Every structure is written in structure tokens, then in C-alpha cells.
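# A structural walkthrough
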Amino acid sequence: MASTTLVLGGGVGGLVVARCLRRALPHPHRIVLVERRASFLFEPSLLWLMTGDRTVEGISRPLPRLVPKGVELVRGEIERIEPEKRRVVVEGSALEGDHLVIALGAELAADQLPGLAEGGHDFYTPAGAAGLRDALSAFTGGRLVVMTAAPAYKCPGAPYEAAMLLEWYCRRRGIRDRTEITLYAAEPGPMGTAGPEVSRGVRQMVESKGIAYHPEHQVVGVDPAERRLRFANGVEAGYDLLAFVPPHRAPRVVRESGLAAESGWMAADRRTFETVHPRVYALGDVVSVPLAMGKPLPKAGVFAERQAQVVAHNLAREITGRGSPASYDGVGECFLETGEGRAGFGKGDFYAEPAPRVGLHPPARRWHAAKVLLERMWLRRWI
Ligand SMILES: Cc1cc2nc3c(=O)[nH]c(=O)nc-3n(C[C@H](O)[C@H](O)[C@H](O)COP(=O)(O)OP(=O)(O)OC[C@H]3O[C@@H](n4cnc5c(N)ncnc54)[C@H](O)[C@@H]3O)c2cc1C
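Residues numbered from 1 in each chain as written. Predicted model: local features only at pLDDT ≥ 70, side-chain atom pairs only at ≥ 80, totals over all residues. Heavy atoms only, no water.

### Considering the domain arrangement of the chain
To be explicit about the condition: Note that domain bounds follow an automatic or database assignment of domains. Contact between two residues is taken to exist if any of their heavy atoms lie within 4.5 Å; hydrogens are not considered. Buried area is a sum: the accessible area each of two parts loses on coming together, probed at 1.4 Å, counted once for each and added. We define a salt bridge as a side-chain nitrogen of Lys or Arg found within 4 Å of a carboxyl oxygen belonging to Asp or Glu. Throughout this entry, Asp, Glu, Lys and Arg are counted as charged residues, while Ala, Val, Leu, Ile, Met, Phe, Trp, Tyr, Cys and Pro are counted as nonpolar. The remaining residues, Gly among them, count as polar.
The domain boundaries assigned to the chain delineate domain 1 (4-106 + 250-320) and domain 2 (116-247). Taken over C-alpha atoms, the centre of domain 1 sits 30 Å from the centre of domain 2. With 18 residues of domain 1 in contact, the opposing surface of domain 2 contributes 21 residues. For the pair domain 1 and domain 2, the summed buried surface comes to about 1,600 Å²; carbon and sulfur atoms form 69% of the total. At the boundary of domain 1 with domain 2, the tally comes to 2 salt bridges. One salt bridge connects Arg-172 with Asp-53, and the closest N-O pair in it is separated by 3.1 Å. Across the side of domain 1 that touches domain 2, the residue classes break down as 11 nonpolar, 2 polar and 5 charged.

Below, the structure written as C-alpha cells:
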């Protein structure tokens, strides 16, 4: 009998599930992808949008061009998820499936701190990164502050890359000697889950560029009129231009459907991404995967992509009864842009116990070139 799989979310994880599943399943089986946005955005390139090296159009693609043939695309806001029935409500209309995959990502929540959105520019959304680009072009020097507004956020390398790219931007513009760059981080150090060696390495990269780094500075107040920040440890700081990573939370529909666990995020098996509900899977940023070292698996596209491949493989097996089970291994890598056309490269096993084993290669032109290639692959892959 033909089955229907509902895939919720057309970001990295959802697109990969839909693509792999379509390849693996014969045609009478339906795959329905539900997404509210009209376009897919390659988020790592937001940092290049911020520095004026990309346009919004250049780093996004209309979703229908990326959704594989034979996958039904439903555009709309998912308002309710009923996992026991594998049923969802999309703008008033109900959809039901035999299997459900939840890949709804993380919601950005600048509203959690009054004054934050008005006081600066986030570089985690196209509007925020484009606003920062415009503010930068009018910036002629002064106090440039990069800040993480909460200790946990997707892509743990991004604010460190942002600080280094901004430093390079100021040099290119000839305003570096008139600009003081400071990075206030809510977390105890860069990319902590990857271990002390990687953390030290990234801190060194940042500080070697003359960027002042202040970890364990949790912002508690932003005064947009005075351009002042107040931190939980009592420190206060002024700024002329503020670039920030907003706090994150699980998407509203996940919270309101009672699907968020104690962590605030969804829970799923760390190897198969099955949830407690039969035939319901959750993967990518919407899930919190606890690690033996006490911190969760970082939220990143590289993890969402591989989890999606495993989920699609196992779903196809469940539906067709063919093939052997697959298991997610926790291996991941990332490029860390450092400016001057260079990037560092980290790779490792995040499921290693008692702690992840991750290595960091020093900045080189080839890692930057590899990141550009990855961008092209993501934006052309399904065309
Ligand atoms: C600046 C920046 C740099 C980054 N750099 C890297 C990097 O170098 N490497 C890396 O691996 N990762 C990077 N990431 C992180 C990466 O982009 C995410 O981790 C990845 O997109 C997560 O995939 P996902 O499928 O879980 O969620 P997403 O890709 O966010 O997809 C979730 C989708 O669900 C949709 N959705 C949510 N709620 C609803 C609803 N109610 N109705 C309908 N649709 C809904 C959203 O519109 C979205 O399209 C970066 C992120 C940022 C912001």
C-alpha cells in the first residue's frame, strides 16, 4: 500500500530528507514537504552578506527549484502538530501522514531582551545581516561590538567568524586604526563542545587580530538610545555599532503542541532520531541531543544534513522492508572564516566519550575555497 510521509520544514534537514527519501522510494509513495518560506537560504553565507560580499538573492533559491521532482510542496505556516495521529494543521487545513519528520529548526528570539533588536543588528537573518551591511558602509570608525546574547546558538563558530570578518572588513575599508573591536560572549569560551584545544585555538585566532575577547559576559540590558550594554557580572560597555547573535528557542508550533522536552527542545534517539511517538522523527536544530560531556550536540547544518540522511534511509527501510538499518555517528566538520580569503577547518567525532574528539586546522586559502564550493553545491544541488 502506498504511504504518505509528511516532512515539516524545508530547511537543510527537511530538504535532505525529502531528496533522499524520493530517491529511495518507488513512486506511489507520497512525500509532502511543508514550509512557510518561499525561498531556501544558505545561512553560512549571511556572514558574507554582512560584509557586502554577497546579496540576499545570491545566497537564496526559490524553494520549488530545490525541491526534487515527485515531492509535493505545501507552502504555509504549520499551526499545530498532533504526533499521535501524525496530523498537522497548515493555515487551517489538516494534513495526515503515515510517517512524520519534524525538521523545523530554531526560532530566533531577540524579543527576549528589551532593547536588543532596536540597539543593534543581528547577523542571523537576511534582514539583520543586510541592515548591518548598510550600517557598516556608513561607519567611519569607533567602537564595534560583536555579542552573543545567550550562550547556546546554532553554528557555534559564527560569532567568532563574524568578528574576524568584520576586522578584515575594517582593514579593507581603511578604518581599522580608528576602530576598536570587542567580542562579548555569554559562553565561557569559543566552541566549547569541541574541547579545550579547539576553544583555545579559536580564541587565539580572534585575539591575534587585535579583537578584545570577553567570555562569560551575559548581557542583561541594552539601552539603544545611549548605546550601552549591561552584563550580569556588573560590567557596562558603550558601543557605536552592535552586531549580535539573538537568543534561540524552539519554534512556536513545537512549544505550543507540547513537543518541547525539559531542555526546551525536542528529544529524539541520538542514533535514529525517532521520538517517543511511533513513526515520528525529529532532527536538526529543533532537537537537543545530550552528550556525555554534559553539553548538547551543537546545532549546525552539517549535523542536520547527516541526521536527515540516516532518517530517510531508515524510513525507506520501514516502508519498503528492504535494506539494513543506519545509525547516526555524530561526526561533523566546519569551516571557520578568518578574513583575508582564509578559513580554519575543524572536524571530529562529537559522539566520542567521555568527550568529543575534534581537530582544528589553521587558517588556509584552501578551506575558504572549500567553503565557497559548499555554498555553490547547496544552491545548485537540485537544479
Ligand atoms: C550566520 C550563520 C552561519 C552558519 N554557518 C554554518 C556553518 O558554517 N556550518 C553549518 O553546519 N551550519 C551553519 N549554520 C547553521 C545552519 O544553518 C543550521 O544549523 C541549519 O540550517 C539547521 O537545519 P534545520 O533543518 O534543522 O533547520 P532550518 O534549516 O532552520 O530549517 C527549518 C525550516 O522550518 C521552517 N519552519 C519553522 N517553523 C515553521 C512553521 N511553523 N511552519 C512552516 N515552516 C516552518 C523554517 O522556515 C525553516 O525553513 C549557520 C547559521 C547561521 C545563522
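Don't stop here, the text continues.
### Concerning the site of the ligand
The following threshold applies: Whether a residue is near a molecule or strand depends on its heavy atoms: if one lies within 4 Å, it is near. Here a polar contact is recorded for every N or O atom pair within 3.5 Å, except that within protein the pair must consist of a potential hydrogen donor and a potential acceptor, and residues adjacent in sequence are included only if both atoms are side-chain atoms. Labels follow the DSSP assignment, with helices taken as runs of H or I lasting at least four residues and strands as runs of E lasting at least two, numbered in each case from the N terminus.
As a matter of local geometry, the ligand sits amid 28 residues, with Gly-13, Glu-35, Glu-43, Asp-285 and Val-302 nearest to it. The backbone of Val-12 places a nitrogen or oxygen atom 3.1 Å from an oxygen atom of the ligand. The separation between a nitrogen atom of the ligand and a polar main-chain atom of Arg-36 is 3.3 Å. Where the shell around the ligand is concerned, the elements lending two or more residues are helix 1 (12-24) and helix 9 (301-320). Here the residues of the shell around the ligand sort into 12 nonpolar, 7 polar and 9 charged.

### With respect to the sheet that holds strand 6 (residues 78-82)
Heads up, the rule is: When DSSP finds two or more bridges between a pair of strands, those strands are recorded as paired. For helices, the axis comes from a line fit to the C-alpha atoms of the stretch in contact; other axes are also lines fit to C-alpha atoms, and the angle between any two N-to-C directions lies between 0 and 180 degrees.
Overall, antiparallel pairing links the 3 strands, which are arranged 6-7-8 in an open sheet. Pairing within the sheet leaves two strands with one partner each, and these edge strands are strand 6 and strand 8 (93-96). Ignoring which end each strand starts from, the neighbouring axes of this sheet average 20 degrees apart. In this sheet, strand 8 lies alongside strand 7 (residues 87-90) in antiparallel orientation, the contact comprising 4 bridges. Opposite Val-89, over in strand 8, you have Ala-94 as the bridge partner.

### Section: the nonpolar core
When a protein is soluble and globular, its nonpolar side chains tend to lie buried together. Definition in use: Side-chain atoms within 4.5 Å link the members of a nonpolar core, which is a set of buried Ala, Val, Leu, Ile, Met, Phe, Trp, Tyr and Cys residues. Relative accessibility under 20% of the residue-type maximum defines a buried residue, over 50% an exposed one, and the middle range a partly exposed one, all with a 1.4 Å probe and only protein chains included.
In this structure, Leu-8, Met-50, Ile-81, Ile-102, Phe-123 and Phe-273 are the most contacted members of the largest nonpolar core, which totals 105 residues. There are two domains that each give this core at least three residues, and those are domain 1 (4-106 + 250-320) and domain 2 (116-247). Ranked by size, the runner-up nonpolar core spans 14 residues in total, among them Val-145, Ala-149, Val-219 and Phe-231.

### Some details on the packing of aromatic side chains
Condition: Each pair of aromatic rings taken from Phe, Tyr and Trp, with Trp reduced to its six-membered ring, is defined by centres within 6.5 Å and is described as stacked if the planes are under 30 degrees apart, edge-to-face if over 60, and tilted in the remaining cases.
Tallying each qualifying case throughout the model produces 10 aromatic pairs. When the centroid spacing of 5.4 Å and the interplanar angle of 90 degrees are considered together, the rings of Tyr-328 and Tyr-351 count as edge-to-face. Taken together, the residues Tyr-328 in the loop between helix 9 and strand 21 (331-339) and Tyr-351 in the loop between strand 22 (342-349) and strand 23 (357-364) connect sequence positions 23 residues apart. Accessibility classification places Tyr-328 together with Tyr-351 in one group, the buried group. Consider the rings of Phe-345 and Trp-367, whose centres lie 4.4 Å apart with planes at 20 degrees: the pair is stacked. Placement of Phe-345 in strand 22 and of Trp-367 in helix 10 (residues 365-380) is noted, with a sequence separation of 22 residues between them. Accessibility classification places Phe-345 together with Trp-367 in one group, the buried group. Ring pairing ties together the aromatic residues Phe-40, Phe-42 and Trp-378, which thus form one cluster.

### Details of helix 6 (residues 158-173)
Test applied: The span expected for a helix works out to 1.5 Å for each residue beyond the first.
Taking 1.5 Å of rise per residue, 16 residues should cover 22 Å, and helix 6 covers 22 Å from first to last C-alpha, within 8% of that figure. Taken together, the buried positions of helix 6 are Ala-158, Pro-159, Tyr-160, Glu-161, Ala-162, Ala-163, Met-164, Leu-165, Leu-166, Glu-167, Tyr-169 and Cys-170. Downstream of helix 6 by one or two residues, Gly-174 has phi in the positive range, about 75 degrees.

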